[in-house]
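# A closer look at the structure
Each chain is listed here by its residues.
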Amino acid sequence: MVPDESTVIDLTRPIESSMPVYPADPPVDITTQTDIETDGYRVSTLSLGTHTGTHIDAPSHTEPEGESMETFSLRELRFHAHVVDCRSFEANTLIDPSVLPPLTDPATAIELIIFHTGWADAWGTSDMTDHPALAPQTAKQCAAADVAVATDAMSPDLTGEGAVPAHHALLGAGLPIIENVCNLTALPSETVDVLVCPL
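Residues numbered from 1 in each chain as written. Predicted model: local features only at pLDDT ≥ 70, side-chain atom pairs only at ≥ 80, totals over all residues. Heavy atoms only, no water.

Secondary structure assignment for the protein yields three helices and 10 strands. Secondary structure of the protein in N-to-C order comes out as β-α-β-β-β-β-β-β-α-β-α-β-β. The C-alpha radius of gyration computed for the protein amounts to 18 Å, which stays within 12% of the reference 16 Å derived for 199 residues, consistent with globular compactness. Expressed along its principal axes, the backbone C-alpha trace of the protein runs to roughly 60 × 40 × 35 Å. Taking contacts inside the protein between residues at least 6 apart in sequence as the whole, the part at least 24 apart equals 71%. Carbon and sulfur atoms provide 52% of the accessible area of the protein, an area that totals close to 10800 Å². Within the protein, the 30 negative side-chain charges are centred at a point lying 5 Å from the centre of the 6 positive side-chain charges. (Helix = DSSP H or I, 4+ residues; strand = E, 2+ residues; numbered from the N terminus. Rg over C-alpha atoms; globule rule 2.2 N^0.38 Å. Contact = heavy atoms within 4.5 Å. Areas by Shrake-Rupley, 256 points an atom, 1.4 Å probe, with all protein chains shown as cover. Lys, Arg positive; Asp, Glu negative; His and termini not counted. Charge placed at Lys NZ, Arg CZ, Asp CG, Glu CD.)

For the rest of this paragraph, the subject is the environment of Asp-85. Structurally, Asp-85 is set in strand β4 (residues 78-85). For the pair Asp-85 and His-55, spaced 30 residues apart in sequence, the C-alpha to C-alpha distance is 21 Å. A distance of 2.7 Å separates the side chain of Asp-85 from the side chain of Arg-87, its partner in a polar contact. (Polar contact = N/O pair within 3.5 Å; in protein donor to acceptor, adjacent residues only side chain to side chain.)

Positionally, Cys-197 belongs in the segment after β10 (191-195). Separated by 169 residues in sequence, Cys-197 and Val-28 place their C-alpha atoms 19 Å apart.

Per the stated rule, a full pass over the model turns up two salt bridges. Residue Glu-111 is joined to Arg-75 by a salt bridge in which the shortest nitrogen-to-oxygen separation is 3.8 Å. Highlighted residues: Glu-111 in the loop between β5 (94-95) and β6 (112-116) and Arg-75 in the loop between β3 (55-57) and β4, separated in sequence by 36 residues. With a relative accessible area of 28%, Glu-111 lands in the partly exposed category. Notably, a salt bridge pairs Asp-85 with Arg-87, separated by 2.7 Å at the nearest N-O pair. Classification of Arg-87 as partly exposed rests on a relative accessible area of 45%. (Salt bridge = Lys/Arg side-chain N within 4 Å of Asp/Glu carboxyl O. Buried < 20%, exposed > 50% of the residue type's maximum accessible area, 1.4 Å probe, protein only.)

Attention now moves to the nonpolar core. Among the nonpolar cores identified, the biggest contains 41 residues, and Leu-112, Ile-113, Ile-114, Phe-115, Cys-142 and Leu-170 are the most heavily contacted of them. The set of elements that each furnish at least two residues to this core consists of β4, β6, α2 (136-144), β8 (148-151), α3 (165-172), β9 (177-179) and β10. Not counting the four nearest positions on each side in its chain, Ile-114 is found in contact with Ala-81, His-82, Val-83, Val-84, Ala-150, Val-181, Leu-184, Val-192 and Val-194. (Core = buried A, V, L, I, M, F, W, Y, C linked by side-chain atoms within 4.5 Å.)

For the rest of this paragraph, the subject is the side chain of Asp-152. Residue placement: Asp-152 occurs in the loop between β8 and α3. With no salt bridge to any partner, buried Asp-152 finds its closest opposite charge in Arg-87, at an N-O distance of 7.2 Å. When sequence neighbours within four positions are dropped, the list of residues in contact with Asp-152 reads Phe-115, His-116, Thr-117, Gly-118, Trp-119, Ala-120, Asn-180, Val-181 and Leu-184.

This is the structure in structure tokens:
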């Protein structure tokens, strides 16, 4: 069945105790504090980092003068997006700018590129950190066109390398980065509208 225009597809990971996190990030713990049987109501304590699951990197994540998440309006987190199929790129390789559609074409009005690497399937495995990443020039071209980036991998940069040129290019331009999206094969087409909801 092909989704119609009113179809809403969740591209986020559920938040669960002991879920995978970026190396050295805080672990996730959800602890029951009260329950219905004993207390008449249910409350849980959540302990997690802002980098948990599917999340937004605000410019302040890597840029000393960057804006923090609360400065973004909801309108700024709604995007006309284009999905780029990068599943042919192998582990720890760089995605070059040749994959990008025309970014400044008024007819397409692209505001967000979603890089579909296929690495969402590696979630929770030892291969999770070996994802493809954006070549610096790819990130720079997106930033120059004022186009934000999302990826189904842990990061638009190679994990564990230390240097984060894609982060600096995009966040330095005031653009958010969305990481760890999933369910991309459920999207009805390569052009979609995306609403990003921050923590």
